[in-house]
Amino acid sequence: MSSISSRRLSKELMEIKNDGCPVGINLVQADDFSTWLFTLEVMGESLYKNEQFTLQFRFDEQYPISSPAVQFVVTDGRQAPIHPHVYSNGHICASILGNEWSPVLSVIAVCVTLQSMLASCKKKQRPVDNDRYVKHAPENPKKTRFHYDDDTV
């Protein structure tokens, strides 16, 4: 891990440990600077009330210049939320994780954005191309070139 990446992740982890996470977001695992796990719960009235999801962040040597690989965990009885931008394999089609990534964004900012994305959902449904995508999807969601054309859900 590069010194820039490890310094940044150290800083983010220290802030999380000192300040805590926003309501509905909890750090589950951050044993190293390669993979972190968070639970995510939408607070208040929403289609996802009383549901909890696990987010996995994988960091490469280029973080924060390069976005983390972020996806919902779909193993060990965990499932991805049913949402128009979330595939059943846990991959997330969100521009913040692709072409709109900025090094000023933090892990917590991504969690809050995804929490908000779920909170604003009007109908639980998978992306229209879910089955085809999942069948051919790369293991790492960053290797997918998503087409961002619907910001209404």
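The paragraphs below set out a description of the structure included in this document. Everything quoted here is computed from the prediction, not taken from an experiment.

1. Some words on the pairing of strand S4 (residues 69-72)
Of the two faces of S4, both are covered, the one formed by Ala69 and Gln71 as well as the one formed by Val70 and Phe72. Relative to S4, strand S3 (residues 52-58) is paired through 4 bridges, and the arrangement is antiparallel. Following the sheet pairing, Leu55 is matched in S4 by Phe72.

2. Considerations on the sheet that holds strand S1 (residues 25-29)
Pairing is antiparallel across the open sheet formed by 4 strands, whose spatial order is S1-S2-S3-S4. Strand pairing shows two members of the sheet lacking a second neighbour, S1 and S4, which therefore form its edges. Taking each pair of neighbouring strands and ignoring which way they run, the sheet shows an average axis angle of 25°. Pairing of S1 with strand S2 (residues 35-41) involves 4 bridges; the strand directions are antiparallel. For Gln29, the partnering residue across the bridge sits in S2 and is Leu37. Lying over the sheet, helix H2 (residues 107-119) contacts S1, S2, S3 and S4, oriented at roughly 35° with respect to S2.

3. Observations concerning helix H1 (residues 3-19)
Taking 1.5 Å per residue, 17 residues should reach 24 Å; H1 reaches 24 Å between its end C-alpha atoms and fits that length. Listing the buried residues of H1 in full gives Ser5, Ser6, Arg8, Leu9, Glu12, Leu13 and Ile16. Down the axis of H1, the buried side of the element spans an arc of 160°, and every buried residue falls inside it. Facing away from the buried side of H1, by more than 90 degrees, are the exposed residues Ile4, Arg7, Lys11, Met14, Asn18 and Asp19. Note on H1: the residue one or two positions beyond its end, Gly20, has a positive phi of about 80°.

Reading the values: the criteria
- Note that residues are indexed from 1 along each chain, following the sequence as it is written.
- Per-residue local features are limited, in this predicted model, to residues with pLDDT of at least 70; the limit for side-chain atom pairs, both in listing and counting, is 80 or more; totals at the level of whole chains, interfaces and linings are taken over all residues.
- With hydrogens and water stripped out, all remaining heavy atoms of the structure feed into the side-chain values.
- The classification of residues rests on relative accessible area computed with a 1.4 Å probe and restricted to protein chains. Under 20% of the type maximum is buried, over 50% is exposed, and intermediate values are partly exposed.
- A helix here means a DSSP run of H or I that spans at least four residues, while a strand means a run of E at least two residues long, and both kinds are numbered starting from the N terminus.
- Note on pairing: two strands pair once DSSP finds at least 2 bridges between them.
- All axes are obtained by fitting lines to C-alpha atoms, using only the stretch in contact for helices, and the reported angles, taken between N-to-C directions, cover 0 to 180 degrees.
- We call two residues in contact whenever any of their non-hydrogen atoms come within 4.5 Å of each other.
- In a helix, the anticipated span is given by 1.5 Å times the number of residues less one.
- Comment: arc refers to directions from the helix axis out to C-beta atoms.

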